[in-house]
Amino acid sequence: MRVLVALGGNAMTGPDGDASPDSQRRAIAGAAVHLADLVAAGHEVVVSHGNGPQVGNIMRKNELAASELPPVSLDWCGAQTQGTLGFTLVNRIEKELGARGIERGVVALITRTVVDPEDPAFENPVKPVGSYQDAEHARAMTAHGQVWKDFGARGWRRVVASPTPLRILETPTVELLADAGWVVVAAGGGGVPVVPDGTGYNGASAVIDKDLSAAQLAISVGADRLIIATDVSCAVAGFGTASARDIGPITAAELRGISESGTFASGSMGPKVEAVLRFVEAGGPVGVIAALGALPEAVAGAAGTVVTAVAGAAD
């Protein structure tokens, strides 16, 4: 099967959120083991990944060095993380495949995602990025044109536009490489957001949700499975309440109904649920939210929140 696996940005940091280079390398090495297992099982594998912690680090460096060096825009931050995380994933996946005696090309693509310049998200930035800071820092950055939001006891965070991904420009290249047997890393961090200008594209100051971009890419390349790999075993309805319950196999219509009740947090599980729903509602066979360590079982429809158009279709 053709399987698209979306790794969270936090899956590529230490368990305590440590984003030092060594911690990121170790986390990526761990993820590569599970990805290589899928290749060894005979699947065509396309990988997308988040970049939240990594973009946050670059943004903080921008702030600290602003008196010495000009800060770079959000689209540049996204492109930089695609390069760093992409080449690190390629290195580790190659090593794992080599250890299994598998000769398979692995490549990372700098990927652009088209968004609508009139998307309402540009007028209403809500996507938190970067680290928590105190109110004084938030006031200073607001004076420089940034938008910051008070998150209570944890502090303030910058919020940016998160427009809907419309299409991924490098989709034909991803398909070509996957058809030729390559393991492809693409749409990192949701892809670099771009808007058309009549003659081509320009970068946009935004961050695209990586799960929604993963769904768009999975639909476009004809994936048989979209796996949203997380640090939890499945989606939970009513998380944190007395009525909380794990969601296992479920139809898209049933899950859409649960989602519309507002039970899934917009900053965590909500986009993951929306991603698998968009995939299945667009004709994708099976979408799964599952733990990274359960990838083989997730592909088989035996672990996680398994979403299909018809009950039992993943069996």
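Values in this document were obtained by computation on a predicted structure and should not be read as measured data.

## Comments concerning the overall build of the chain
A tally of regular secondary structure across the chain gives 9 helices and 17 strands. Compactness check: the chain gives a C-alpha radius of gyration of 19 Å against a globular reference of 20 Å for 315 residues, within 12% of the reference. Along the longest, intermediate and shortest principal axes, the C-alpha atoms of the chain span 55 × 45 × 45 Å. A burial count over the chain gives 51% of its 315 residues as buried. Across the chain, every contact between residues at least 6 apart in sequence was considered, and the portion connecting residues at least 24 apart equals 71%. Accessible surface, the chain as shown: approximately 14,200 Å² in total, 53% of it carbon and sulfur. Here the chain holds 23 positive side-chain charges and 33 negative ones, and the gap between their average locations is 4 Å.

## Quick word on the nonpolar core
Buried together is how nonpolar side chains tend to be arranged in soluble globular proteins. Judged by nonpolar contacts, the single largest core of 37 residues is most densely connected at Leu-4, Val-174, Leu-217, Leu-226, Leu-255, Phe-264 and Val-273. Secondary-structure elements contributing two or more residues to this core are strand S1 (2-7), helix H5 (171-179), helix H6 (210-220), strand S12 (225-230), helix H7 (252-259) and helix H8 (269-281). With 7 residues, H8 is the largest single contributor of residues to this core. What Leu-4 contacts, discounting residues up to four positions off in sequence, is Val-46, Ser-48, Ala-214, Leu-217, Ala-218, Ala-223, Arg-225, Leu-226 and Ile-227.

## Looking at the pairing of strand S2 (residues 44-49)
Of all 6 residues in S2, 5 are buried, a share of seventy percent or more. Here S2 pairs with strand S9 (residues 183-185) via 2 bridges, running parallel. For Val-46, the partnering residue across the bridge sits in S9 and is Val-184.

## Topic: the pairing of S12
Summarising burial for S12: 6 of the 6 residues are buried, a large majority. Burial along S12 is two-sided: the face carrying Arg-225, Ile-227 and Ala-229 and the face carrying Leu-226, Ile-228 and Thr-230 are both buried. Sheet topology places S1 next to S12; 5 bridges connect them, and they run parallel. From the neighbouring strand, Val-3 faces S12, where its bridge partner is Arg-225. With 6 bridges joining them, S12 and strand S16 (residues 286-291) adopt parallel strand pairing. Bridging across to S16, Ile-228 finds its partner in Ile-289.

## Overview of the sheet that holds S1
Across a sheet, paired strands are connected by hydrogen bonds in the backbone, their directions being either parallel or antiparallel. Taken in spatial order, the 8 strands line up as S3-S9-S2-S1-S12-S16-S17-S15 in an open sheet, and their pairing is mixed. Here the strands that pair on one side only, and so sit at the sheet edges, are strand S3 (106-108) and strand S15 (250-251). On top of the sheet, helix H3 (residues 74-99) reaches S1, S2, S3 and S9; it is set at about 175 degrees to S3, its chief contact. Contacts between H8 and the sheet are confined to S12, S16 and strand S17 (305-308), with S16 contributing the most and set at about 155 degrees to the helix.

So, how was this worked out
- Residues numbered from 1 in each chain as written.
- Predicted model: local features only at pLDDT ≥ 70, side-chain atom pairs only at ≥ 80, totals over all residues.
- Heavy atoms only, no water.
- Helix = DSSP H or I, 4+ residues; strand = E, 2+ residues; numbered from the N terminus.
- Rg over C-alpha atoms; globule rule 2.2 N^0.38 Å.
- Buried < 20%, exposed > 50% of the residue type's maximum accessible area, 1.4 Å probe, protein only.
- Contact = heavy atoms within 4.5 Å.
- Areas by Shrake-Rupley, 256 points an atom, 1.4 Å probe, with all protein chains shown as cover.
- Lys, Arg positive; Asp, Glu negative; His and termini not counted.
- Charge placed at Lys NZ, Arg CZ, Asp CG, Glu CD.
- Core = buried A, V, L, I, M, F, W, Y, C linked by side-chain atoms within 4.5 Å.
- Pairing = 2+ DSSP bridges.
- Axes fitted to C-alpha atoms, helices over the stretch in contact; angles between N-to-C directions.

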